[in-house]
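Each chain, written out:
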Amino acid sequence: MNKKLNSGLALILPNKKVNLFVIFIVILGIISGSLFLMVLNENDKSEVINEISTFMANINTNNINNFNSFKNSLIEGMILIILSWILGMSIIGVIFNIFFIYMKSFTIGFSISSFILVYKYKGILSSLIYVIPSQLINILIILILGVYTLLFSKYLFKMIFFKDKTVNLGKFFKKYVLVFGICIILCVISSLCEAYLLPSLLKVMIKLFI
């Protein structure tokens, strides 16, 4: 049991320095996304309020196509995963992947602050429902994929420019493929939660608190 747990943790947290760097980027993205709403002008804030209000009204009136929501969320997530995974197999791809990690985290932070802007203290509950579980799964995908894509680029750089023979890229690639599969599965689960579970939870919250 302990061996399985340790191997699972080693898969998620393979390198402390890279782990901390990716976690820092994610936290930075969420915080800056949350604060970005504060610097918007009143017109832009009004647009955000209208979008959130329309979204919640559609949920309350069952005016949402769950399958289309699932399909769109899945396609968007798959494109990000596949693109990040492929770019991770190059040295220059590290720049794009850091940007992807930051922007995905920024979007999550912006969405959380948008709910709070519209519904004040009730928005905290809305944002928690929004984050749990779909966005938590997305954050996990960002962390795992981010760490492994950066590690791949790092090992490739060491092999090419420093002729580092301690780097076993073939062995790491097997883990890299496994991580890709795990992220795809997590993406499907996240999309299902976002399309079917999230609207149901938000509808209950609307009836009880809004």
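For the structure itself, look to the data block above.
Residues numbered from 1 in each chain as written. Predicted model: local features only at pLDDT ≥ 70, side-chain atom pairs only at ≥ 80, totals over all residues. Heavy atoms only, no water.

A. Up close: unusual backbone geometry. Along the chain, Ile-132 connects to Pro-133 via a cis peptide bond; the corresponding omega equals 0 degrees. Structurally, Pro-133 can be placed in helix α6 (residues 121-162). For Asn-62, which is not glycine, the phi dihedral falls at a positive 60 degrees. Along the polypeptide, Asn-62 turns up in the loop between α3 (42-60) and α4 (66-87). On the basis of relative accessible area, Asn-62 is assigned to the exposed category, the value being 55%. (Helix = DSSP H or I, 4+ residues; strand = E, 2+ residues; numbered from the N terminus. Buried < 20%, exposed > 50% of the residue type's maximum accessible area, 1.4 Å probe, protein only.)

B. Examining α6 more closely. Along its length, α6 reaches its greatest deviation from straightness, about 55 degrees, at Ile-132, and the proline Pro-133 lies no more than four positions downstream. Immediately downstream of α6, the backbone of Lys-163 shows phi near 50 degrees, a positive value. (Bend = angle between axes of the 7 residues up to and from the residue.)

C. Inspection of the packing of aromatic side chains at higher detail. On inspection of all chains with the given rule, the structure shows 15 aromatic pairs. Note on Phe-173 and Tyr-176: the rings are 6.3 Å apart at their centroids and 40 degrees apart in plane angle, and the pair reads as tilted. One end of the pair is Phe-173 and the other is Tyr-176, both in helix α7 (residues 169-209) and three residues apart, which spans about a single turn. The class for Phe-173 is partly exposed, based on a relative accessible area of 32%. A connected cluster of aromatic rings, assembled from ring pairs, spans Trp-85, Tyr-148, Phe-152, Tyr-155, Phe-172, Phe-173, Tyr-176 and Phe-180. (Phe/Tyr/Trp six-rings, centres within 6.5 Å; stacked < 30°, edge-to-face > 60°.)

D. Quick peek at a nonpolar patch on the surface. Nonpolar side chains collect at one region of the surface, where Leu-20, Ile-23, Ile-27, Ile-31, Leu-35, Phe-36, Met-38 and Val-39 lie side by side and expose about 780 Å² of accessible area between them. Given a relative accessible area of 35%, Phe-36 falls into the partly exposed group. (Patch = residues over 30% accessible without salt bridge, like charges linked within 9 Å, V, L, I, M, F, W, Y side chains within 5 Å. Areas by Shrake-Rupley, 256 points an atom, 1.4 Å probe, with all protein chains shown as cover. Salt bridge = Lys/Arg side-chain N within 4 Å of Asp/Glu carboxyl O.)

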